[in-house]
Amino acid sequence: MSSFLKLPNQLIAKTGIKMIVYGGAGTGKTRNCAITSPKPVLVSVENGLLSIQNEQIPIVDCRGENCLQNFESFVQWAKSAEAKQFETIIIDSWSELATQLLRVEIAKAKDGRQAYGIMADKMMNWAYQLVNQIPHNVVFICKQECGSNNGQPYHQPSLEGKKLYTEFTHLIDVILRFQSKRFVINNKAQEYMVASTKNQPDYIARDRSGTLFDDEPQDIGAIINKIRGIAPQQPQS
């Protein structure tokens with residue numbers, strides 16, 4: 001094959017798997033993303049590290065008044081040679097980052113609608129860099145909000161403004177909803193924490209790879225490998 005032509009899996013290998021993980025409080029977003037992702041670095045935008053306080057996971061601290069400046073510095077660092085020691089970048093949370101940026105833009109803008117547009121453009125600029133310009137897997141953790149779909153409750157990632165929500169969710173190939181689901185096994189109902197991958201009438205989820213079950217274990221590394229077609233390692237006897 002000509003060097004000008006590439007296969008899809010070759011391009012994916014160069015840019016990593018990019019995904020949104022969202023869900024309600026207590027559904028395991030921070031902890032399970034952090035401890036199951038391959039060679040992770042976690043970008044902390046909000047307080048919420050208690051669940052991983054005893055884990056040896058590198059943290060980029062973007063909390064507090066210098067949040068936006070520190071995050072911009074992080075995005076540039078993610079393109080550096082030093083960042084190549086990591087395989088997965090986890091942003092916790094993308095929702096909070098948008099809220100922080102919107103607060104700053106509203107204080108500067110004469111028109112609130114203008115502030116939302118500027119915020120969305122800046123967030124998407126960061127998103128394009130993280131999606132297209134680095135080889136890492138990127139997990140964008142989002143809070144969950146409940147909207148309406150034809151008058152029915154509809155759960156989705158919480159993002160400031162319609163413009164950001166539409167453009168960002170369109171960009172990302174994998175959207176996982178972390179939630180508790182009840183399954184009947186051997187005639188007995190049991191609750192399991194799952195990563196749901198298929199769109200439903202009451203929530204958004206997505207798997208453009210077509211490789212995932214409707215509900216997967218909350219194991220980001222296993223999900224990434226499944227999308228890439230890497231078979232799970234068999235335990236040694």
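Every value quoted in this text rests on a predicted model; they were computed, and no experiment measured them. (Residues numbered from 1 in each chain as written. Predicted model: local features only at pLDDT ≥ 70, side-chain atom pairs only at ≥ 80, totals over all residues. Heavy atoms only, no water.)

> Please set out the pattern of salt bridges residue by residue, giving values where relevant.
Enumeration according to the criterion identifies 16 salt bridges in this entry. For Lys198, the salt bridge is made with Asp214, and the minimal N-O distance between the two is 4.0 Å. On the criterion of sequence distance, the pair formed by Lys198 in the loop between strand 9 (188-196) and strand 10 (206-207) and Asp214 in the loop between strand 10 and strand 11 (215-217) is long-range, its members being 16 residues apart. Owing to a relative accessible area of 25%, Lys198 belongs among the partly exposed residues under this scheme. The salt bridge partner of Lys226 is Glu216, with a shortest N-O separation of 2.6 Å. Residue Lys226 is found in helix 7 (residues 220-228), and its partner Glu216 is found in strand 11; the two are separated by ten residues along the sequence. In this structure Lys226 comes out as partly exposed when scored by relative accessible area, which is 26%. (Salt bridge = Lys/Arg side-chain N within 4 Å of Asp/Glu carboxyl O. Helix = DSSP H or I, 4+ residues; strand = E, 2+ residues; numbered from the N terminus. Buried < 20%, exposed > 50% of the residue type's maximum accessible area, 1.4 Å probe, protein only.)

> Lay out the nonpolar core with the relevant residues and their values.
Grouped together as the largest cluster of nonpolar side chains are 43 residues, with contacts concentrated most on Phe71, Ile91, Trp94, Phe140 and Phe168. Elements that contribute at least two residues to this core include exactly strand 1 (18-23), strand 2 (40-44), helix 3 (67-77), strand 4 (88-92), helix 4 (94-108), helix 5 (112-132), strand 5 (137-142) and helix 6 (162-171). A per-element tally of this core places helix 5 first, with nine residues. Contact partners of Phe71, with chain neighbours within four places excluded, come to Val43, Cys62, Ile91, Trp94, Leu97, Trp126 and Leu130. Formed by 20 residues, the second largest nonpolar core is a distinct cluster that contains Ile90, Phe178, Ile224 and Ile227. (Core = buried A, V, L, I, M, F, W, Y, C linked by side-chain atoms within 4.5 Å. Contact = heavy atoms within 4.5 Å.)

> Any chance you could break down the packing of helix 3 against helix 4 for me, citing the residues and the numbers?
Interaxial distance between helix 3 and helix 4 falls to 10 Å at its minimum, and their mutual angle equals 125°. By the criterion of interaxial angle, the relationship of helix 3 to helix 4 is oblique. In terms of crossing hand, the pair formed by helix 3 and helix 4 is left-handed. Only Trp94, Leu97, Gln100, Leu101 and Val104 of helix 4 make contact with helix 3, whose side of the interface consists of Cys67, Leu68 and Phe71. (Axes fitted to C-alpha atoms, helices over the stretch in contact; angles between N-to-C directions. Parallel < 35°, antiparallel > 145°, perpendicular 65-115°, else oblique. Left-handed = near helix turned anticlockwise from the far one by under 90°.)

> Give a detailed account of the pairing of strand 5, specifying residues and quantitative values.
Here strand 5 lies mainly inside the structure; six of its six residues are buried. Burial along strand 5 is two-sided: the residues Asn137, Val139 and Ile141 and Val138, Phe140 and Cys142 are all buried. Summarising the sheet, strand 4 and strand 5 pair through five bridges and their orientation is parallel. Paired with Ile89 across the two strands is Val138, which belongs to strand 5. (Pairing = 2+ DSSP bridges.)

> Help me get a handle on helix 6, residues and values and all.
All buried positions along helix 6 are accounted for by Leu164, Tyr165, Phe168 and Thr169. For helix 6, the arc enclosing every buried residue in end-on projection is 105°, short of the 170-degree limit, so these residues lie on one face. Opposite the buried face of helix 6, by more than 90 degrees, sit the exposed residues Lys162 and His170. (Arc of directions from axis to C-beta.)

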